[in-house]
Amino acid sequence: ATAAIAGFTGIDATAITIAELSRSAISPFIAVLAFLIVNSVNLIAKTFYIFLQGTREFTVKFGVSVAVIIGLSFISLLFI
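Residues numbered from 1 in each chain as written. Predicted model: local features only at pLDDT ≥ 70, side-chain atom pairs only at ≥ 80, totals over all residues. Heavy atoms only, no water.

Turning our eyes to something else, we now look at a nonpolar patch on the surface. Together, V60, V64, V68, L72, I75, L78 and F79 line one region of the surface with nonpolar side chains, adding up to about 750 Å² of accessible area. For L72, a relative accessible area of 53% corresponds to the exposed category. (Patch = residues over 30% accessible without salt bridge, like charges linked within 9 Å, V, L, I, M, F, W, Y side chains within 5 Å. Areas by Shrake-Rupley, 256 points an atom, 1.4 Å probe, with all protein chains shown as cover. Salt bridge = Lys/Arg side-chain N within 4 Å of Asp/Glu carboxyl O. Buried < 20%, exposed > 50% of the residue type's maximum accessible area, 1.4 Å probe, protein only.)

Note: α-helices contain 3.6 residues per turn, so residues at a spacing of three or four share the same orientation. Across its 26 residues, helix 3 (residues 28–53) extends 37 Å between first and last C-alpha, which sits within 8% of the 38 Å expected from 1.5 Å per residue. All buried positions along helix 3 are accounted for by A31, L36, V38, N39, S40, V41, N42, L43, A45, T47 and I50. Check the buried side of helix 3 and you find it contacts helix 1 (2–6), helix 2 (12–22) and helix 4 (56–75). (Helix = DSSP H or I, 4+ residues; strand = E, 2+ residues; numbered from the N terminus. Expected span 1.5 Å × (residues − 1). Contact = heavy atoms within 4.5 Å.)

Next up on the list: the packing of helix 3 against helix 4. At a minimum axis distance of 9 Å, the contact between helix 3 and helix 4 shows a crossing angle of 175°. By the angle between their axes, helix 3 is roughly antiparallel relative to helix 4. Side by side, helix 3 and helix 4 meet where L33, L36, I37, S40, L43, I44, K46, T47, I50 and F51 of the first sit next to F58, T59, F62, G63, V66, I69, I70, S73 and F74 of the second. Of the residues belonging to the contact of helix 3 with helix 4, the class tally is 13 nonpolar, 5 polar and 1 charged. (Axes fitted to C-alpha atoms, helices over the stretch in contact; angles between N-to-C directions. Parallel < 35°, antiparallel > 145°, perpendicular 65-115°, else oblique. Nonpolar A, V, L, I, M, F, W, Y, C, P; charged D, E, K, R; others polar.)

Glancing now at the confidence of the model for the chain. Reading fine detail from the predicted coordinates is not recommended where pLDDT is low. Per-residue confidence for the chain gives a mean pLDDT of 90; residues scoring 70 or more make up 100%. At the level of individual helices and strands, the chain shows its lowest average pLDDT in helix 1, which scores 76, and its highest in helix 4, which scores 96. (pLDDT = per-residue confidence, 0-100.)

Another point: the side chain of S73. Take S73: it is sitting in helix 4. A polar contact of 2.7 Å, which involves the side chain of S73, links it to the backbone oxygen of I69. (Polar contact = N/O pair within 3.5 Å; in protein donor to acceptor, adjacent residues only side chain to side chain.)

Have a look at this one:
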């Protein structure tokens, strides 16, 4: 939950923390899942920011791209 909240502003520090935790405290699967959640929240937040500042056409195109990226990312969990 904390990682998802951090995803609203950026993913750099969270990604570093997840990488460090994956060495000893959490399993690699949980680390990948946490990173996917952070990245997904970050992309959704960017889509919202574009909605507020950009055009409707660009928001729709970006939103569709984000949906594809997020969907394929979570599908990739099946191969871990």
